[in-house]
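The primary structure of each chain is shown beneath.
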Amino acid sequence: MPRMQSAQRVVTANGTTQAVRVAGPPDGTPVLLIHGNCSSSLFWEPLLRRLPPTLRVVAPDLRGYGDSATAPVDATRGLRDFADDIAALLDDPTLFASASASASATATATGTGGGGRPVVVGHSLGGGVAMRLLVDHPHRVGALLLAAPVSPYGFGGTRDLTGTPTTPDFAGTGAGTANADFVARLAAGDRGADAPASPRAVLRATYVADPAVLGTDEELLLDSVLSTATGDDNYPGTAVPSANWPGTAPGERGVLNALAPTWFRLADELVAVAPKPPVTWVRGDADVIVSDTSLFDLAYLGSLGVVPGWPGEESCPPQPMIGQTRAVLQRYAAAGGAYREVVLPGCGHSPHLERPAEFVAELLALTDMSAA
């Protein structure tokens, strides 16, 4: 089978310039790939090589990543700035001929079949964007594949399976939790490997469970990480002081604040969405980013003694990220939807890179369901 080849286009949609990687015939089975934080559409390139050429794949660079415009992120909208950008792409017939035709049809008649609507694949932050897209535009999504997604209750600052806040201001989440050395090295385009907070070291240590899987793609993937726009309006965003441990709370601008539970909480909306396309959730059991023991959750780091002054398990437990997502998807299924959880042993935060054969199988299963 010939390898799928991608090409980049630049389009204007939702008032901003978006770089979009496309592959496959315009009238092929549509698949939309949404990358995660501190990456870009390049992060999907190793996967694209394994996909059948009958698919129509569209993989945008989110605002502030890759070659898209460094447009600001209004954190008070959660991840909706990103989702609105993506939704605008679905109306471009040069990107998704079948998706645009399907949208025209649903203007007069709403059905529950997939038709020409894409399978939407979201990785990490992109999983949150995909959920937001489904909630806001349920008739535009044929199926959802969530790869190591952020919890429907946001990242950090919640204590139980129903997303109860740890503190009223969600202290310990948002831009103030970012590693300042990592941000500085990201902004400087540091390609070194010696410093623990260098982008290359972080890529090797946290994006995957075994850095050997990066192989010859490591430089390309590092390019993707380094494409991240830094600053108050993008990554990480603004922070405000808090009287609660660890002394910082989410601001109103930038990416990490948009992920904070102050602004991103859509569990109830997701459960209530109609129609309900099938959802597949793929995760690795060795993920250290989205995990009940996340190395990016200050409450968990506090419990390890890494962040001083932790007030204890009763006051500030680590966020049960996996349990929260499972509980919400179980509610989704009980309300008439369908979901499948796939756990990959020994896999870290990037299942599409680490276990591509299993990932492709799950994606193709969803394209079959969506077309039915």
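Reading the values: the criteria
Residues numbered from 1 in each chain as written. Predicted model: local features only at pLDDT ≥ 70, side-chain atom pairs only at ≥ 80, totals over all residues. Heavy atoms only, no water. Helix = DSSP H or I, 4+ residues; strand = E, 2+ residues; numbered from the N terminus. Polar contact = N/O pair within 3.5 Å; in protein donor to acceptor, adjacent residues only side chain to side chain. Contact = heavy atoms within 4.5 Å. Salt bridge = Lys/Arg side-chain N within 4 Å of Asp/Glu carboxyl O. Buried < 20%, exposed > 50% of the residue type's maximum accessible area, 1.4 Å probe, protein only. Patch = residues over 30% accessible without salt bridge, like charges linked within 9 Å, V, L, I, M, F, W, Y side chains within 5 Å. Areas by Shrake-Rupley, 256 points an atom, 1.4 Å probe, with all protein chains shown as cover. 1 Å grid on protein atoms, 1.4 Å probe; cavity = no way out; pocket = protein on both sides within 12 Å on 5 of 7 lines; lining within 4 Å. Points joined across faces, edges and corners; volume = space filled by probe spheres on them. Nonpolar A, V, L, I, M, F, W, Y, C, P; charged D, E, K, R; others polar. Core = buried A, V, L, I, M, F, W, Y, C linked by side-chain atoms within 4.5 Å.

(A) Structural detail: the side chain of Ser242. For Ser242, the position within the fold is in the loop between strand S9 (239-241) and strand S10 (248-250). Reaching out from Ser242, the side chain makes a polar contact with the backbone nitrogen of Asn244 at a distance of 2.9 Å. Leave out the neighbours within four places in its chain, and Ser242 touches Asp169, Ala171, Gly247, Thr248 and Ala249.

(B) Spotlight on the pattern of salt bridges. Inspection of the entire model under this criterion finds 23 salt bridges. The closest approach of N and O atoms between Asp91 and Arg140, which form a salt bridge, is 3.2 Å. With Asp91 in the loop between helix H2 (80-89) and helix H3 (97-106) and Arg140 in the loop between helix H4 (125-136) and strand S6 (143-147), the pair connects residues that are 49 residues apart, well separated along the chain. Given the relative accessible area of 14%, Arg140 is considered buried. One salt bridge connects Glu358 with Arg355, and the closest N-O pair in it is separated by 2.9 Å. The network of salt bridges with shared partners includes Arg191, Arg200, Arg204, Glu218, Glu219 and Asp223.

(C) Seen up close, a nonpolar patch on the surface. A cluster of nonpolar side chains, namely Leu295, Phe296, Leu304 and Val306, defines an oily patch on the protein surface of about 360 Å² accessible area. Relative to the assigned elements, Leu304 resides in the loop between helix H10 (298-303) and helix H11 (321-334). Given a relative accessible area of 47%, Leu304 falls into the partly exposed group.

(D) Here's a closer look at empty space enclosed by the protein. Under the defined criterion, the tally for this structure stands at 1 cavity of 30 Å³ or more. Here the largest cavity is characterised by a volume of approximately 90 Å³. Gly157, Ala171, Asp297, Ala299 and Cys316 are, among the 16 residues lining the largest cavity, the residues nearest its centre. In terms of residue class, the lining of the largest cavity is made up of 7 nonpolar, 8 polar and 1 charged.

(E) Representation of the nonpolar core in the model. By size, the foremost hydrophobic cluster in this structure holds 71 residues, and its most contacted members are Leu32, Phe82 and Leu144. In contact with Phe82, other than residues within four places in its own chain, are Leu62, Arg63, Tyr65, Val73, Leu125, Val129 and Val255. Leu33, Ala59, Val119 and Ala147 belong to the second-largest nonpolar core, a separate cluster that totals 24 residues.

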